[in-house]
Amino acid sequence: MTDDPPLNPALLPAGFVDVLPPAAEAEASGLETLMRVFATHGYDRVSPPLLEFEETMLTGSGAAVAEQTFRLMDPDTRRMMALRPDMTPQIARIAATRLANEPRPLRLSYAGACVMMGGPARDTDRQILQAGIELIGPDTPVADAEIVALGAEALQVLGVPHVSFDLTMPPLTTALLAAEPLTPVARSALLRALDRKDAAAVARHGGALAPVLTELLHAAGSAHRALDVLSRVSLPGAARVHSDRLAATVAAIEKRVPGIRLTVDPVEFRGWQYHTGVCVSVYALGRQEELGRGGRYRSNDDEPACGLTLRPDVILRVAPPRARRMRVFVPWGMDPRVGQALRAQGYATVAALGEIADPAAEAHRLGCAFVAVGGKLEPVQGAGQAD
């Protein structure tokens, strides 16, 4: 026995929420809009499972998300299973196994819920919705540009204003640090300084790299300004290769999407650790939440790949509200063909389940904007026109 009070049935674990009307319908509609955009560009939809065996989900690119993964034991096999925190490693597995013999480039799209361990804040989302695309096979700036272009088109279709695509090249920082003999302690301190954008700490811990790193730190901003600085600073050979690839990717994106808002942070290196090339984070002006992120990586059989994962739940918080179907109350006894015709015209019909003395009052109570009367629609007094 316990003296604890009964648990409120509406209480959910921190980071999990019920999505209610009309938000749930808007979320589903927005998600399908994203998937339609992806499909029109030849991206075939796949649907991996929520659970996989731990040793398959958390190998290859999946190893980077191990710390964010819930685990449980399969009661049948007694093997540990993992609940996916991110869908990209699953797509990499599918490409390397089930679709290994499909012609390249392989274009795949996906959508579904993921569950993450979450951070220390109680308001951190632990169940998130993802929708994304993966382009597997080519390792070119044009492939990177296609991923960004499709993300831009999808967000434009949803009406998201003032979108910015922020590009980074994590291997550039790795190549720079590899060129300088730093102790493990100094390297760790320098990485922390770069992560915090602390120019003074970079100067203290950067050694001979400090002048270049400081200049690159201050270069973050518009793509062309950052690339201009990168072109002028002295970089070791490996770092110059990454810098040139970043510049080529920017050119390819701007050719594909004229007028796109691009920024570049030359020494940003945060994100999923499986990324091996140009990375992108997507933001809306004035919002701190990421609308999505992606980048270049190696799939499970070391095949080149790039992708973009969007967050429909976050996107719909910044996109214009999506109008709900107008609801029409259909009184008892009306010819079923009336309702069929209304639904074909895009209305949602709410049928009476018995005789109603005052159909207009019942329509208002149920949130209907109209009542079907004699084959016509009569507005309901006091009801909104876009319920």
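Residues numbered from 1 in each chain as written. Predicted model: local features only at pLDDT ≥ 70, side-chain atom pairs only at ≥ 80, totals over all residues. Heavy atoms only, no water.

The name given to the protein chain in an unreviewed UniProt entry is ATP phosphoribosyltransferase regulatory subunit, with the source organism recorded as Gluconacetobacter entanii.

Asker: How would you explain the packing of helix H1 (residues 23-40) against helix H4 (residues 141-157) if you had to name every residue and give the values?
Answerer: Running from N to C, H1 and H4 point in directions that differ by 140°, and their axes come no closer than 9 Å. Classified by the interaxial angle, the pair formed by H1 and H4 is oblique. Remark: the crossing between H1 and H4 carries right-handed chirality. On H4, the residues that touch Thr33, Leu34, Val37 and Phe38 of H1 are Leu150, Glu153, Ala154 and Val157. For the contact of H1 with H4, the class distribution of residues is six nonpolar, one polar and one charged. (Axes fitted to C-alpha atoms, helices over the stretch in contact; angles between N-to-C directions. Helix = DSSP H or I, 4+ residues; strand = E, 2+ residues; numbered from the N terminus. Parallel < 35°, antiparallel > 145°, perpendicular 65-115°, else oblique. Left-handed = near helix turned anticlockwise from the far one by under 90°. Contact = heavy atoms within 4.5 Å. Nonpolar A, V, L, I, M, F, W, Y, C, P; charged D, E, K, R; others polar.)

Asker: Describe empty space enclosed by the protein, with residues and values.
Answerer: Under the counting rule described, the total for this entry stands at two cavities of 30 Å³ or more. Roughly 80 Å³ of internal volume is contained in the largest cavity. In this structure, the largest cavity is lined by 14 residues; those nearest its centre are Asp144, Val148, Val278, Val280 and Gly295. Every element with two or more residues in the lining of the largest cavity is listed here: H4, helix H10 (237-256), strand E10 (275-284), strand E11 (292-298) and strand E12 (304-310). Considered as a void within the structure, the second largest cavity measures approximately 30 Å³ in volume. The wall of the second largest cavity is formed by Glu52, Thr56, Met57, Thr59, Gly62, Pro89, Gln90, Arg93 and Asn300. Broken down by secondary-structure element, the contributors of at least two residues to the lining of the second largest cavity are helix H2 (54-57) and helix H3 (88-96). Element by element, the count of residues in the lining of the second largest cavity is highest for H3, at three residues. (1 Å grid on protein atoms, 1.4 Å probe; cavity = no way out; pocket = protein on both sides within 12 Å on 5 of 7 lines; lining within 4 Å. Points joined across faces, edges and corners; volume = space filled by probe spheres on them.)

Asker: Account for the packing of helix H5 (residues 170-178) against helix H6 (residues 184-196), naming residues and giving values.
Answerer: In helix packing, the relevant descriptors are the interaxial angle and the interaxial distance, both defined with respect to the helix axes. Closest axis-to-axis distance for the H5/H6 pair is 12 Å, and the angle between their directions is 145°. Here H5 and H6 pass one another in a crossing that is right-handed. Only Arg187, Leu190, Leu191 and Leu194 of H6 make contact with H5, whose side of the interface consists of Thr173, Leu177 and Ala178.

Asker: Account for the sheet that holds strand E2 (residues 51-53), with residues named and values stated.
Answerer: The strand order across the open sheet formed by three strands is E2-E4-E3, and the pairing between neighbours is antiparallel. Each edge of the open sheet carries a strand with a single partner, namely E2 and strand E3 (70-73). Within this sheet the neighbouring strands show an average axis-to-axis angle of 35°, counted without direction. Two strands pair when backbone bridges link them, and E3 and strand E4 (residues 80-83) are joined in this way by four bridges, in the antiparallel orientation. When the bridges of E4 are listed, Leu72 appears paired with Met81. (Pairing = 2+ DSSP bridges.)

Asker: Residues and numbers for the domain arrangement of the protein chain, please.
Answerer: Domain parsing of the protein chain yields domain 1 (18-161 + 285-324), domain 2 (163-262) and domain 3 (327-379). Distance between the C-alpha centres of domain 1 and domain 2: 27 Å. Listed by partner, the interface residues are 17 residues for domain 1 and 10 residues for domain 2. Summing both partners gives a buried area of about 1100 Å² for domain 1 against domain 2, and 71% of it is carried by carbon and sulfur. Area buried by domain 1 at its contact with domain 2 is led by Pro141, Ala145 and Val148, which between them contribute 40% of it. Counting across the interface, domain 1 meets domain 2 through three salt bridges. Residue Asp144 pairs with Arg245 through a salt bridge whose shortest N-O separation is 3.0 Å. Viewed at the interface, domain 2 and domain 1 are joined by five residue pairs in polar contact (both at pLDDT 80 or more). A total of 11 residues in the side of domain 1 that touches domain 2 trace back to one element, the largest contributor, which is H4. Among the residues forming the side of domain 1 that touches domain 2, the class breakdown is 10 nonpolar, three polar and four charged. (Domains from an automatic or database assignment. Buried area = accessible area lost by both parts, 1.4 Å probe. Salt bridge = Lys/Arg side-chain N within 4 Å of Asp/Glu carboxyl O. Polar contact = N/O pair within 3.5 Å; in protein donor to acceptor, adjacent residues only side chain to side chain.)

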